[in-house]
Amino acid sequence: MSRSSTLRPGRDPGVDVEAAGCVAVRAGAEGVEVLLVRRPATATRPADWSWPKGKLDHGEHPAVAAVRETAEETGVRVHLGPALPEQRYPVAGGLRKRVRYWLARPAAPADPAVVDAADPDEIEESAWVYPARARELLTHAADVDLLDAALPGGLPPERTWPLVVVRHARAVKRTDWRGLEGERPLLERGHAQSRELAPLLACFDLRQLVTSPWARCVQTLLPAAELLGLPLTEEDPLTEAGHETDPDGAVKLLEGLLAEGAGVAVCSHGPVLPTLQGVLAGRVDGGRGGGDGDGTGRAAVLRHRLGKAELVVAHVADRGSTARVVSVQRHGV
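Residues numbered from 1 in each chain as written. Predicted model: local features only at pLDDT ≥ 70, side-chain atom pairs only at ≥ 80, totals over all residues. Heavy atoms only, no water.

### Focus on helix 1 (residues 62-74)
Part 1 of the reasoning: For helix 1, spanning 13 residues, the distance from its first C-alpha to its last is 18 Å, which sits close to the expected 18 Å at 1.5 Å a residue.
Part 2 of the reasoning: Most of helix 1 sits inside the fold, with 11 of its 13 residues counted as buried.
Part 3 of the reasoning: Of all the positions in helix 1, only Pro62, Ala63, Val64, Ala65, Ala66, Val67, Arg68, Glu69, Thr70, Glu73 and Thr74 are classed as buried.
Part 4 of the reasoning: Of the residues trailing helix 1, Gly75 is marked for its positive phi of about 80°. (Helix = DSSP H or I, 4+ residues; strand = E, 2+ residues; numbered from the N terminus. Expected span 1.5 Å × (residues − 1). Buried < 20%, exposed > 50% of the residue type's maximum accessible area, 1.4 Å probe, protein only.)

And the structure:
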C-alpha cells in the first residue's frame, strides 16, 4: 500500500471480486508449520492446495474477512500479524479478483488444532504442514511466492506484538456542545463507527485497551472492550488538556507500553496523536516475517495524520529499549 493510504471496507473500481486470507504459522515439533487447504474441483477450476481465503461479505473489512474465512475453512481462529503481498488475477467470466493476505498465528489460548468446520463442497481437507511440504503441495506459483514472503530465507517469521493507535470516532462538534469538553459524546455516526471498529480490533492479539478518559474516546473503544472481554484503562496524559500541560506524559505512557511488550490499543485525540505516532516512528527498524524493508516508508505511514475512527497498527518485535517496529498498516471504517 502507499505510504498514506488506509485500508477500509469498499471496492477498488478496478477490481470485481474482493477476497482476503491468511498465511497462518505455528511452531511444530520440528520447526514452523503453515496451514493449507485443499479445494475440490468445480466446473470452472481443478482441485488445488492453497491458503485459506474467501470473498468479503458486503461492507466487511478485509482484515475481518481474512480472520473469518480462515476460521470457517479450517476451524482455526487466528490473530493477524504483518500484511503480506496481495494477489490479483482473472477469474471466470472475465472478472478481476484481488486477494489481500496477512501473516497470522493461532489465537491463544484456543487449541490451534484443525477441526472439521468447513463445508466439504468448498474445502476437502485442511492441514498443518512443514514449509518444504507446503512448497510441494501448493498448486499456484503465486502461493509459493507468498510462502517465501511469509518465511523469508526459509526462516521462521519474527514474532511480533501489535501496538495500535486509534483516533476516536466522530463526535458532536465543539461549537454545538455546551457542556464540559471531556463529556462531549460521539454522534450516532460515531457510535456506528465504534461498533465497526470492534471486530477490526479483534483481528489483532490485544491484551489491553488504553484510552483518554474523555467520553468520545471511551465510547469509541467500549464495543471492542465488550467484544474482547477486556477492561478500559483510562489515562489522563491521553487527554487534550493533559497533553497540553505535559506532552512528555503521553511519551512516557507509550514508552511504558513498549516496555510491557503486550498487544495494546491506545485511543486518543487529534492533538495528542502526533506525539504517540512520533514515538513509534522513532522505533522503526528492519525485520523479518512480513515486514517491508523500507524503514523510511514505515515511519511516514506512522506519522501520517489519522482521520476519525482510523487506526495505525505497528507490529513490534521485542520490548523495552530494543522494541522495533517492523511492519505498519493503517485501517479505517
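### With respect to the nonpolar core
Part 1 of the reasoning: Counting 41 residues, the largest nonpolar core has Leu80, Val164, Val166, Leu200, Leu201, Leu209 and Leu311 as its most contacted members.
Part 2 of the reasoning: Sorting elements by how many residues they give to this core places helix 1 first, with five residues.
Part 3 of the reasoning: Split by domain, the residues of this core number at least three in each of domain 1 (17-154) and domain 2 (160-332).
Part 4 of the reasoning: Filtering out sequence-adjacent residues up to four positions away, Val164 remains in contact with Leu201, Leu206, Val264, Ala265, Val266, Leu311, Val312 and Val313.
Part 5 of the reasoning: Residues Leu238, Val264, Val279 and Leu302 belong to the second largest nonpolar core, which totals 29 residues. (Core = buried A, V, L, I, M, F, W, Y, C linked by side-chain atoms within 4.5 Å. Domains from an automatic or database assignment. Contact = heavy atoms within 4.5 Å.)

### Some details on helix 7 (residues 247-260)
Part 1 of the reasoning: Taking 1.5 Å of rise per residue, the 14 residues of helix 7 would be expected to cover 20 Å, and the 21 Å separating its terminal C-alpha atoms lies within 8% of that figure.
Part 2 of the reasoning: Within the sequence span of helix 7, burial applies to Gly249, Ala250, Leu253, Leu254, Leu257 and Leu258.
Part 3 of the reasoning: Contacts made by the buried residues of helix 7 are with strand 8 (161-167), strand 9 (208-211), helix 6 (240-245), strand 11 (264-268), helix 8 (273-281) and strand 12 (310-317).
Part 4 of the reasoning: Looking one or two residues beyond helix 7, the residue adopting positive phi is Gly261, at roughly 70°.

### Structural notes on the domain arrangement of the chain
Part 1 of the reasoning: We note that the domain assignment places domain 1 (17-154) and domain 2 (160-332) within the chain.
Part 2 of the reasoning: The gap between the C-alpha centroids of domain 1 and domain 2 is 29 Å.
Part 3 of the reasoning: Residue-level contacts link 17 residues of domain 1 with 16 residues of domain 2.
Part 4 of the reasoning: Across the interface of domain 1 and domain 2, roughly 1,200 Å² is buried in total on both sides, 60% from carbon and sulfur atoms.
Part 5 of the reasoning: Together, His61, His79 and Pro82 form the three largest contributors to the area buried by domain 1 at its contact with domain 2, with a combined 37%.
Part 6 of the reasoning: Here domain 1 is connected to domain 2 by zero salt bridges.
Part 7 of the reasoning: Across the contact surface, domain 1 and domain 2 share five residue pairs in polar contact (both at pLDDT 80 or more).
Part 8 of the reasoning: Elements with a contribution of two residues or more to the side of domain 1 that touches domain 2: helix 1, strand 5 (78-91), strand 6 (95-106) and helix 3 (141-150).
Part 9 of the reasoning: The element that contributes the greatest number of residues to the side of domain 1 that touches domain 2 is strand 5, accounting for seven residues.
Part 10 of the reasoning: Taken together, the residues of the side of domain 1 that touches domain 2 sort by class into 13 nonpolar, three polar and one charged. (Buried area = accessible area lost by both parts, 1.4 Å probe. Salt bridge = Lys/Arg side-chain N within 4 Å of Asp/Glu carboxyl O. Polar contact = N/O pair within 3.5 Å; in protein donor to acceptor, adjacent residues only side chain to side chain. Nonpolar A, V, L, I, M, F, W, Y, C, P; charged D, E, K, R; others polar.)

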